[in-house]
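Residue-level structural notes
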Amino acid sequence: MSTATDIREQVVELAREFAKEKIEPFAAEWDRTHFFPRGVIDEFGRLGFLGMCTPEEFDGMALDTVTYLMVLEELSAADAAFAVSIGIHNAIPMTMLVKHGTPEQKERWLKPMARGELLAGFALSEPEAGSDAAGLRAQAVKDGKDWVLNGAKAWATNAGTADLMMIMVRTDQPNARRGAKGISTFIVPTDTKGYTPAKPEDKMGLRSSNTAGIELNDLRLPVDQMLGDEGMGFVYAMEGLDAGRLGIGAQGVGIARRALEHCLQYTNERKQFEKPIGEFQAVQFKLADMATRIEAARALTHRAAARKDAGEDISHYASMAKLFASETAMWVTTQAVQLFGGYGYMRDFPVEKLFRDAKVTEIYEGTSEIQRIVIARALRQR
Ligand SMILES: Cc1cc2nc3c(=O)[nH]c(=O)nc-3n(C[C@H](O)[C@H](O)[C@H](O)COP(=O)(O)OP(=O)(O)OC[C@H]3O[C@@H](n4cnc5c(N)ncnc54)[C@H](O)[C@@H]3O)c2cc1C
């Protein structure tokens, strides 16, 4: 009989092999051409990876959160742009549906998502509401038995490539602006009339992931496409973000790990002053600091994941993991470019992409400043 450890090893090995064969060799080209590899995502989904932590009764793999993060680390080491599509789908829409979906919604949306037949995303941010997400303005108004949605969303991952988006809008009275309390979540198939994704953003990094605004124009939904209770959407979004932030932590670890691996090889090969640069102690110290920070970021992220699986409230632990791992990714990739010297600044060498991909981990799913606010608030409430 397979133990939990055997299953973890097998699943992570499968993801590592998939990433090595089907993702990493193509990632630089996808990045250059902004190519969204939906076919490869679908293939990965057919192996079960679009339902990683989803319970088996809903056709998922029922993995523990640490194993899930280990898979995301492998994907991120290969291509963070690929990892973010998989991470968002698994963490946020999935968590929301598992926790708050009705039996019918689970049958209709969650099961096909877990089987890899539907790709999902999550739209909370708006052009005027990022860090202050509770200030969002998109509005749903009741019309007979339907809800009618209008407004604009910003920077939603998978917005132009997903089959389904979880969209947060106000359902309080227009202009009532009851902050977080007036927000609800809707399940929106992207072929619904009135759903229009904007042109994909031209980004610094994660260039092959799809990030786009969404126009909601008289988008009409039956009441059974509201998720959970009216007015609870912001709470559900924050629950999803706890899982999402752990995923960004794993993303930071994966990016940083791959940068270190490239540096270990390069500093053995590159010679200056008639010896490999890796023989200079200043270079060795950089490598030692990189490895130490990566190990610490992974430990912090996995510890928060274990707390989640033990049923603890992990909001500020997820923030600590995301904050530390994303700053580690940025610091390590900055050192990596430095160790590669002029070659590090060139597109032909891999650390340049890792450096660009690292930056966004300090921004999305809450900036580093917002993570510090969450952590400080939790400390003061003790
Ligand atoms: C590639 C990418 C993918 C994304 N994917 C998604 C997605 O799938 N779904 C989604 O809903 N959103 C998504 N986002 C949006 C992302 O979550 C927001 O960009 C992020 O939350 C920051 O919001 P903002 O950009 O409006 O920055 P702002 O909130 O305008 O912040 C600007 C600066 O001010 C600082 N700041 C703001 N408030 C405070 C404060 N109180 N104290 C101290 N400093 C503060 C911030 O830290 C930041 O440095 C994505 C963004 C990117 C770049």
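Residues numbered from 1 in each chain as written. Predicted model: local features only at pLDDT ≥ 70, side-chain atom pairs only at ≥ 80, totals over all residues. Heavy atoms only, no water.

Attention now goes to the overall build of the chain. From N to C terminus, the chain includes 10 helices and 10 strands. The C-alpha atoms of the chain give a radius of gyration of 21 Å, which matches the 21 Å a tight globule of 382 residues would have. Judged by the C-alpha coordinates and their principal axes, the chain covers about 80 × 50 × 50 Å. With 382 residues in all, the chain has 56% of them scored as buried. Intrachain contacts of the chain at a sequence separation of at least 6 include 75% that bridge at least 24 residues. Accessible surface for the chain amounts to roughly 17,200 Å². Of this, 53% is attributable to carbon and sulfur atoms. Here the chain contributes 46 positive and 53 negative side-chain charges, whose respective centroids are spaced 4 Å apart. (Helix = DSSP H or I, 4+ residues; strand = E, 2+ residues; numbered from the N terminus. Rg over C-alpha atoms; globule rule 2.2 N^0.38 Å. Buried < 20%, exposed > 50% of the residue type's maximum accessible area, 1.4 Å probe, protein only. Contact = heavy atoms within 4.5 Å. Areas by Shrake-Rupley, 256 points an atom, 1.4 Å probe, with all protein chains shown as cover. Lys, Arg positive; Asp, Glu negative; His and termini not counted. Charge placed at Lys NZ, Arg CZ, Asp CG, Glu CD.)

Here strand 2 (residues 139–143) pairs with strand 3 (residues 146–157) via 5 bridges, running antiparallel. Note that in strand 3 the partner of Asp143 across the bridge is Asp146. Linking strand 2 to strand 3, which pair antiparallel, is a turn of 2 residues; within it Gly144 sits at a positive phi near 65 degrees. (Pairing = 2+ DSSP bridges.)

So, on to the pairing of strand 4 (residues 164–170). Counting buried positions over the 7 residues of strand 4 gives 7, a clear majority of the element. The two faces of strand 4 match: Leu164, Met166, Met168 and Arg170 on one face and Met165, Ile167 and Val169 on the other face are all buried. Direction of pairing for strand 1 (residues 120–123) relative to strand 4: parallel, over a ladder of 4 bridges. Paired with Phe122 across the two strands is Met166, which belongs to strand 4. In terms of strand pairing, strand 4 meets strand 5 (residues 183–189) through 7 bridges, oriented antiparallel. Bridge pairing links Arg170 to Ile183 in strand 5.

This paragraph deals with the packing of aromatic side chains. A complete count under the given rule lists 10 aromatic pairs for this structure. Between Phe340 and Phe349 the ring centres are 6.2 Å apart and the planes differ by 70 degrees, which places this aromatic pair in the edge-to-face class. Residue class for Phe340 comes out buried when judged on its relative accessible area of 5%. Residue classification places Phe349 among the partly exposed positions, given a relative accessible area of 27%. The structure contains a cluster of three or more aromatic residues connected by ring pairs, namely Phe18, Phe44, Phe49 and Phe82. It is Arg293 that lies over the ring of Trp331; its NZ or CZ is 3.6 Å from the centre. Lying across the ring of Tyr317, Arg307 places its NZ or CZ 3.9 Å from the centre. (Phe/Tyr/Trp six-rings, centres within 6.5 Å; stacked < 30°, edge-to-face > 60°. Lys NZ or Arg CZ within 6 Å of the ring centre and 35° of its normal.)

Let's shift gears to the site of the ligand. The ligand sits among 19 residues. The nearest are Ser125, Ser131, Trp155, Thr367 and Glu369. Between the ligand and Phe122, the relevant distance is 2.9 Å, taken from a nitrogen atom to a main-chain nitrogen or oxygen of the residue. For the ligand, an oxygen atom lies 2.7 Å from a polar atom in the side chain of Glu369. Protein chains bury 64% of the 980 Å² of accessible surface belonging to the ligand in isolation. Listed by contribution, the elements that provide at least two residues to the shell around the ligand are strand 1, strand 3 and helix 10 (368–381). In terms of residue count, strand 3 provides more of the shell around the ligand than any other element does, 3 residues in total. Class assignment for the residues of the shell around the ligand results in 10 nonpolar, 6 polar and 3 charged. (Near = heavy atom within 4 Å. Polar contact = N/O pair within 3.5 Å; in protein donor to acceptor, adjacent residues only side chain to side chain. Nonpolar A, V, L, I, M, F, W, Y, C, P; charged D, E, K, R; others polar.)

The geometry of helix 3 (residues 65–78) relative to helix 7 (residues 281–309) is characterised by a closest axis approach of 8 Å and an angle of 145 degrees between their N-to-C directions. Side by side, helix 3 and helix 7 meet where Thr65, Val66, Leu69, Met70 and Glu73 of the first sit next to Arg298, Thr301, His302, Ala305, Ala306, Lys308 and Asp309 of the second. Split into classes, the residues belonging to the contact of helix 3 with helix 7 amount to 5 nonpolar, 3 polar and 4 charged. (Axes fitted to C-alpha atoms, helices over the stretch in contact; angles between N-to-C directions.)

Mapped onto the secondary structure, Arg178 falls in the loop between strand 4 and strand 5. C-alpha of Arg178 to C-alpha of Ala114: the two residues are 64 residues apart in sequence and 34 Å apart in space. In this structure Arg178 touches Arg170 and Asp172, once residues within four positions along its chain are discounted.

Take the nonpolar core next. With 63 residues, the main nonpolar core has Ile23, Phe44, Val71, Leu75, Phe82, Ile86 and Met96 as its most contacted residues. Ranked by the residues each element gives to this core, the list is headed by helix 4 (residues 80–100), at 8 residues. Excluding anything up to four places from it in sequence, Phe82 contacts Phe18, Ile23, Trp30, Pro37, Val40, Ile41, Phe44 and Leu75. (Core = buried A, V, L, I, M, F, W, Y, C linked by side-chain atoms within 4.5 Å.)

What follows deals with the environment of Phe186. Following the sequence through the fold, Phe186 ends up in strand 5. A C-alpha to C-alpha distance of 5.6 Å links Phe186 and Leu227, two positions 41 residues apart in sequence. Sequence-distant contacts of Phe186, that is, excluding residues within four places in its chain, are made with Ala140, Trp147, Leu149, Met165, Met166, Ile167, Val169, Thr171, Leu221, Gln225 and Met226.

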